[in-house]
Amino acid sequence: MADLADLADLNVTEGAAGARRDGDAVSRFVERFAAQLTDAGMQRMAARVFAQLLASDGGAMTSAELGEALQISPAAVSGAVSYLTQVNMVSREREPGSRRDRYVLHNELWYETFTRRDQVLTLWEKTLREGAATLGTDSPAGARVAETAAFFEFMQGEMLGLMDRWRTHRATLGLGPTGQAL
């Protein structure tokens, strides 16, 4: 069996339970998913940091670990983490017995993200309904705004049912609380 020095030369790492991983393939995955998140509107560095955390076995890394893995500066990590913290995708935790912070993905991240999005849709729907009334629903602009409000109302109803169906389906998958197989 190769020792860790041999694995490093091949850019192969050991993940949880000693599973070997191709470090270059992991980096390509992180960059590909980060690019997709960026295309969807997330800040580029935040997308890279988020994807790296998602790809880490523990779902948590220090600033130094993120900087090394992504080949970015501490300032870039700090800016990305500030954004991700602000939008509640990660949290900052103090490493036990240390002054270093770890950046941690939230449990049930996607559920929390969509739940927060539902709160935004509620706010938008309310504002759009007020706007439609102000514009007059018999005007083209008012009708368009009223339709947009109705769309958000529909999306909210569907989202609640979708999340319920997800929890039911997730229970059949045998996943632990952080998405790891039991």
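Just so you know, these numbers come straight off a predicted model, no measurement behind them. (Residues numbered from 1 in each chain as written. Predicted model: local features only at pLDDT ≥ 70, side-chain atom pairs only at ≥ 80, totals over all residues. Heavy atoms only, no water.)

J.: Is there a simple way to explain the sheet that holds strand 5 (residues 101–105) in this structure?
T.: Each strand in a sheet pairs with another by means of backbone hydrogen bonds, the pair being arranged parallel or else antiparallel. Overall, antiparallel pairing links the three strands, which are arranged 3-5-4 in an open sheet. Each having just a single partner strand, strand 3 (60–62) and strand 4 (90–94) make up the two edges of the open sheet. Taking each pair of neighbouring strands and ignoring which way they run, the sheet shows an average axis angle of 30 degrees. Judged from the five bridges that link them, strand 4 and strand 5 form a sheet pairing that is antiparallel. Note that in strand 5 the partner of Arg92 across the bridge is Tyr103. Packing against the sheet, helix 5 (residues 74–86) makes contact with strand 4 and strand 5, and its axis sits at approximately 115 degrees to strand 4. (Pairing = 2+ DSSP bridges. Helix = DSSP H or I, 4+ residues; strand = E, 2+ residues; numbered from the N terminus. Axes fitted to C-alpha atoms, helices over the stretch in contact; angles between N-to-C directions. Contact = heavy atoms within 4.5 Å.)

J.: Can you help me understand a nonpolar patch on the surface in this one?
T.: Together, Val120, Leu123 and Trp124 give the surface a local cluster of nonpolar side chains, amounting to about 280 Å² of exposed area. Relative to the assigned elements, Trp124 resides in helix 6 (residues 109–135). (Patch = residues over 30% accessible without salt bridge, like charges linked within 9 Å, V, L, I, M, F, W, Y side chains within 5 Å. Areas by Shrake-Rupley, 256 points an atom, 1.4 Å probe, with all protein chains shown as cover. Salt bridge = Lys/Arg side-chain N within 4 Å of Asp/Glu carboxyl O.)

J.: I tried to follow the side chain of Ser56 on my own but got confused; where do I start?
T.: Relative to the helices and strands, Ser56 is located in the loop between helix 3 (44–55) and strand 3. At 3.1 Å, the side chain of Ser56 forms a polar contact with the backbone nitrogen of Gly59. (Polar contact = N/O pair within 3.5 Å; in protein donor to acceptor, adjacent residues only side chain to side chain.)

J.: Please explain unusual backbone geometry as it appears in this structure.
T.: Most peptide bonds are trans, and most residues other than glycine sit at a negative phi. Residue Gln71 is not a glycine yet carries a positive backbone phi of 55 degrees. Given the relative accessible area of 67%, Gln71 is considered exposed. One non-glycine residue, Asn88, lies in the positive phi region at around 60 degrees. In this structure, Asn88 sits in the loop between helix 5 and strand 4. Classification of Asn88 as partly exposed rests on a relative accessible area of 33%. (Buried < 20%, exposed > 50% of the residue type's maximum accessible area, 1.4 Å probe, protein only.)

J.: Would you take a moment to explain the packing of helix 3 against helix 5 for this structure?
T.: Between two packed helices, the angle of one axis relative to the other and the distance separating the axes together describe the packing. At a minimum axis separation of 8 Å, helix 3 and helix 5 run at an interaxial angle of 85 degrees. Relative to helix 5, the element helix 3 is oriented roughly perpendicular. Contacts between helix 3 and helix 5 involve Met45, Ala46, Val49 and Phe50 from the former and Ala76, Ala80, Val81, Tyr83 and Leu84 from the latter. Residue composition of the contact of helix 3 with helix 5, grouped by class: nine nonpolar, no polar and no charged. (Parallel < 35°, antiparallel > 145°, perpendicular 65-115°, else oblique. Nonpolar A, V, L, I, M, F, W, Y, C, P; charged D, E, K, R; others polar.)

J.: Looking at this structure, I do not really get the confidence of the model for the protein chain. What am I missing?
T.: Regions with low pLDDT should not have their predicted coordinates read in detail. Predicted confidence across the protein chain gives a mean pLDDT of 83, with 80% of residues reaching 70 or more. In the predicted structure, residues 14–18 sits below a pLDDT of 50 and forms nine contacts with residues beyond four places in sequence or in another chain. Note on residues 178–182: pLDDT under 50 across the span, and 11 contacts to partners over four residues away in sequence or across chains. (pLDDT = per-residue confidence, 0-100.)

J.: Hey, could you run me through the pattern of salt bridges in this one?
T.: Pairs can form between side chains of opposite charge whenever their charged atoms are close. Overall, the coordinates contain eight salt bridges when judged by the stated rule. Close ionic contact of Arg94 with Asp101 constitutes a salt bridge, the shortest N to O distance being 3.6 Å. Among the salt bridges present, the one from Glu125 reaches Arg129, with a minimum N-O distance of 3.2 Å. With Glu125 and Arg129 both in helix 6, this residue pair falls four residues apart, about one helical turn. For Glu125, a relative accessible area of 12% corresponds to the buried category. Among the ionic contacts, a cluster of salt bridges with common partners joins Arg92, Arg94 and Asp101.

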